[in-house]
Amino acid sequence: MKKVSNVTMGIDKVSNSPIVFLKVEDTNVVVPIWIGPCEAGVLALILRNEDFERPLTHDLIGNIIEQLKAQPIKIEIDQFKQDIYYAKLVLKDSGSKEIYIDARPSDCIILSLKNNLPIYIDEEIVSEHGIEASFINAEEQSDFRQDIENFDIDELRRKFENKNKTEDEDEDDE
């Protein structure tokens, strides 16, 4: 598993869909994950450090976990099947046993940011779906969000299309 060092958001200007960009620690690789508008709204508020008057669903989940004497310890984005990412919220119960709870990556990312939990991504997902973001200067992490906002989604699509085309050609050669 690879650790995520930064989370930010952007908009797919073609489909007008929100995208979360997960930057892999100690690299210039980002993994884009398209999310729903409701989750994007909550995530945007969290990234802007805005407070909520009343508990949101993610706060409720955190409160339930706390009342059950469990402790959230990390997030794992561990599968990609049929164009869908899968994630797990990992908890420790009162006996220090790890509990893995299936969840959507967007919900897990929100819980991670609200509870300061580390996020990990399966190495295969990073190698297959991560993109080398050469526009990111590792020494200038504060510019990461601005760089992502200026990211050209068409460039991302071309990279995926070229990667798939190359893989198809490799399969034809076998």
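Check the entry above for the structure.
Owing to the predicted nature of the structure, the values given are computational and were not obtained by experimental measurement.

How each quantity is defined
- Residues numbered from 1 in each chain as written.
- Predicted model: local features only at pLDDT ≥ 70, side-chain atom pairs only at ≥ 80, totals over all residues.
- Heavy atoms only, no water.
- Phe/Tyr/Trp six-rings, centres within 6.5 Å; stacked < 30°, edge-to-face > 60°.
- Lys NZ or Arg CZ within 6 Å of the ring centre and 35° of its normal.
- Salt bridge = Lys/Arg side-chain N within 4 Å of Asp/Glu carboxyl O.
- Buried < 20%, exposed > 50% of the residue type's maximum accessible area, 1.4 Å probe, protein only.
- Helix = DSSP H or I, 4+ residues; strand = E, 2+ residues; numbered from the N terminus.
- Patch = residues over 30% accessible without salt bridge, like charges linked within 9 Å, V, L, I, M, F, W, Y side chains within 5 Å.
- Areas by Shrake-Rupley, 256 points an atom, 1.4 Å probe, with all protein chains shown as cover.
- Core = buried A, V, L, I, M, F, W, Y, C linked by side-chain atoms within 4.5 Å.
- Contact = heavy atoms within 4.5 Å.

### Re the packing of aromatic side chains
Ring pairs (aromatic) are described by centroid distance and by the angle formed between their planes.
Part 1 of the argument: One pass over the full model with this rule turns up one aromatic pair.
Part 2 of the argument: Sitting above the plane of the Tyr120 ring, Lys74 keeps its charged end 5.9 Å from the centroid.
Part 3 of the argument: When the ring centre of Tyr86 is taken as origin, the NZ or CZ atom of Lys81, which lies over that ring, is 5.0 Å away.

### Thoughts on the pattern of salt bridges
Part 1 of the argument: Taken as a whole, this structure holds six salt bridges when the rule is applied.
Part 2 of the argument: The salt bridge partner of Arg48 is Glu50, with a shortest N-O separation of 2.9 Å.
Part 3 of the argument: Classification of Arg48 by relative accessible area gives exposed; the value is 52%.
Part 4 of the argument: Within the structure, one salt-bridge network assembled from shared partners comprises Glu39, Arg104 and Asp107.

### Quick word on helix 3 (residues 105–115)
Part 1 of the argument: Burial within helix 3 is extensive, with eight of its 11 residues counted as buried.
Part 2 of the argument: Listed as buried for helix 3 are Pro105, Ser106, Asp107, Cys108, Ile109, Ile110, Leu111 and Ser112.
Part 3 of the argument: Of the residues one or two after helix 3, Asn116 is the one with positive phi, at around 55°.

### Examining a nonpolar patch on the surface
Part 1 of the argument: A cluster of nonpolar side chains, namely Leu60, Ile64 and Leu68, defines an oily patch on the protein surface of about 310 Å² accessible area.
Part 2 of the argument: Mapped onto the elements, Leu60 comes out in helix 2 (residues 57–67).
Part 3 of the argument: When its relative accessible area of 47% is taken as the criterion, Leu60 is described as partly exposed.

### Some remarks on the nonpolar core
Part 1 of the argument: Counting residues in each nonpolar core, the largest one holds 32 residues, and the members touching the most others are Val20, Leu22, Val31, Leu43, Ile77, Leu89 and Ile121.
Part 2 of the argument: Counting residues per element, this core draws most heavily on helix 1 (residues 37–47), which supplies five residues.
Part 3 of the argument: When sequence neighbours within four positions are dropped, the list of residues in contact with Val20 reads Val7, Thr8, Met9, Val31, Pro32, Ile33, Ile35, Leu43 and Ile109.
Part 4 of the argument: Of all hydrophobic cores here, the second largest spans five residues; its members include Ile19, Phe21, Val30 and Ile131.

As far as function goes, none of this settles anything; it's purely spatial.
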